[in-house]
Amino acid sequence: MAVNLKGRSFLTLMDFTPEEIRYLLDLAADLKRKKRIGSTDYSLKGKNIVLLFEKTSTRTRCAFEVAALDEGAHVTFLDSASSQVGKKESIEDSAKVLGRFFDGIEYRGFEQKVVEDLAKYSGVPVWNGLTDVDHPTQILADMLTIEEHIAKPLNKVKVVFAGDIRNNMSYAWMYGCAKMGMHFVAFGPKELADQLDKEILEKVNEVADYTGATIEISDNVDSVKGADVIYTDIWASMGEEAQIPERVKILTPYKVTMDLLKATGNDDVIFMHCLPAFHDFETKLAKEQMELGYDIREVTDEVFRSRHSVVFDEAENRLHTIKAVIVATIA
């Protein structure tokens with residue numbers, strides 16, 4: 001069946017069928033191939049997109065800007081300091097204004113409701129660059145990376161997310177695995193598992209029943225056995241320093257180490273991370289916290305720099321998958 005996503009917003013993978021996600025992954029692979037050989041269709045020539053950033057970013061901003069420019073679009077960047085969105089002007093009013101100027105809107109910030117309201121009121125496709133509960137463009141990049149490194153169809157792949165299983169990447173992976181029939185394990189402390197959104201778990205398990213996916217929550221290291229992918233994310237961001245002592249205490253047993261990779265029993269297991277990562281003490285926050293006695297590294301430097309790590313291939317694929325989302329929805 002032909003897939004047509006023109007005019008659609010990209011707010012969460014839960015809005016898309018497995019066939020539509022497959023289409024985006026195939027399109028991303030094709031666009032990546034074309035970029036490698038220096039070919040482009042300039043499919044976005046004459047288009048204008050705006051990037052709304054309440055949260056700072058390296059990969060998301062660069063990926064959206066380069067993706068759009070590669071295909072001939074013009075990009076406007078607005079952060080919290082350079083616009084009235086949500087301050088002097090409501091999200092509804094801002095959306096209606098921006099929809100008159102732009103062919104597509106990207107939002108990276110906090111509440112999922114904001115990106116949903118932008119889509120509701122703007123009249124143009126809206127793309128979720130990250131919210132507190134989801135990160136769908138990251139999961140597309142991760143899936144493309146998995147297909148490049150693991151010689152299995154996605155529905156035969158087991159992904160283990162280790163650490164803070166309540167965060168947006170853990171939820172985003174639940175959505176992606178449920179949709180694509182994959183095996184997902186949230187591997188973290190029981191006290192965090194008890195805080196998972198029960199409504200979300202119910203929804204992903206309903207999807208999993210249909211696609212044949214497996215969604216597990218576990219604090220037992222045996223759950224990593226047979227994993228194809230070990231995935232993690234940072235335990236604390238800038239501004240969350242007050243929570244670091246407790247985070248380090250409960251999450252250190254779930255740090256990604258070579259011993260954890262060995263526990264998978266898979267010599268070809270790959271390590272993935274959405275980045276940025278605390279893997280050494282070359283960042284200001286990691287260095288300051290270590291001086292206070294807190295090792296906030298969610299992954300060891302040994303793993304991060306090992307042959308198992310594909311984090312920079314993964315980072316590059318943000319560009320190609322985001323380009324696919326833009327092209328598919330507004331070209």
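Please refer to the structure placed before this passage.
Residues numbered from 1 in each chain as written. Predicted model: local features only at pLDDT ≥ 70, side-chain atom pairs only at ≥ 80, totals over all residues. Heavy atoms only, no water.

Observations regarding the overall build of the chain
When helices and strands are counted, the chain shows 13 helices and nine strands. Computed over C-alpha atoms, the radius of gyration of the chain comes to 20 Å, within 12% of the 20 Å expected from 2.2 N^0.38 for 331 residues, which places it in the range of a compact globule. By residue count, 56% of the 331 residues in the chain fall in the buried class. Considering only contacts in the chain between residues 6 or more positions apart, those separated by 24 or more positions represent 77%. (Helix = DSSP H or I, 4+ residues; strand = E, 2+ residues; numbered from the N terminus. Rg over C-alpha atoms; globule rule 2.2 N^0.38 Å. Buried < 20%, exposed > 50% of the residue type's maximum accessible area, 1.4 Å probe, protein only. Contact = heavy atoms within 4.5 Å.)

Describing the sheet that holds strand 8 (residues 229-232)
Within the open sheet, the five strands sit side by side as 7-6-5-8-9. Their pairing is parallel. Whereas interior strands pair on both sides, the edge strands pair on one side only; in this sheet they are strand 7 (214-218) and strand 9 (270-273). The average angle at which neighbouring strand axes cross in this sheet is 20°, direction not considered. Judged from the four bridges that link them, strand 5 (residues 158-162) and strand 8 form a sheet pairing that is parallel. What sits directly across from Val160, in strand 8, is Ile230. In this fold helix 6 (residues 168-180) packs onto strand 5, strand 6 (183-187), strand 7 and strand 8, with an angle of close to 160° to the strand it touches most, strand 6. (Pairing = 2+ DSSP bridges. Axes fitted to C-alpha atoms, helices over the stretch in contact; angles between N-to-C directions.)

Remarks on the packing of aromatic side chains
Tallying each qualifying case throughout the model produces eight aromatic pairs. Ring centres of Phe10 and Phe16 lie 5.3 Å apart, and the angle between their planes is 50°; this geometry places the pair in the tilted category. Its relative accessible area of 1% is what places Phe10 among the buried residues. The buried category is assigned to Phe16, whose relative accessible area is 2%. Ring centres 5.2 Å apart and planes at 45° place the aromatic pair Phe53 and Phe77 in the tilted group. In this pair, Phe53 is assigned in strand 1 (residues 48-53) and Phe77 in strand 2 (residues 74-79), connecting sequence segments 24 residues apart. The buried category is assigned to Phe53, whose relative accessible area is 4%. Among the aromatic side chains, those forming a connected cluster through ring pairs are Phe161, Trp173 and Tyr231. Positioned above the aromatic ring of Phe77, the side-chain terminus of Arg61 is 3.6 Å from the ring centre. (Phe/Tyr/Trp six-rings, centres within 6.5 Å; stacked < 30°, edge-to-face > 60°. Lys NZ or Arg CZ within 6 Å of the ring centre and 35° of its normal.)

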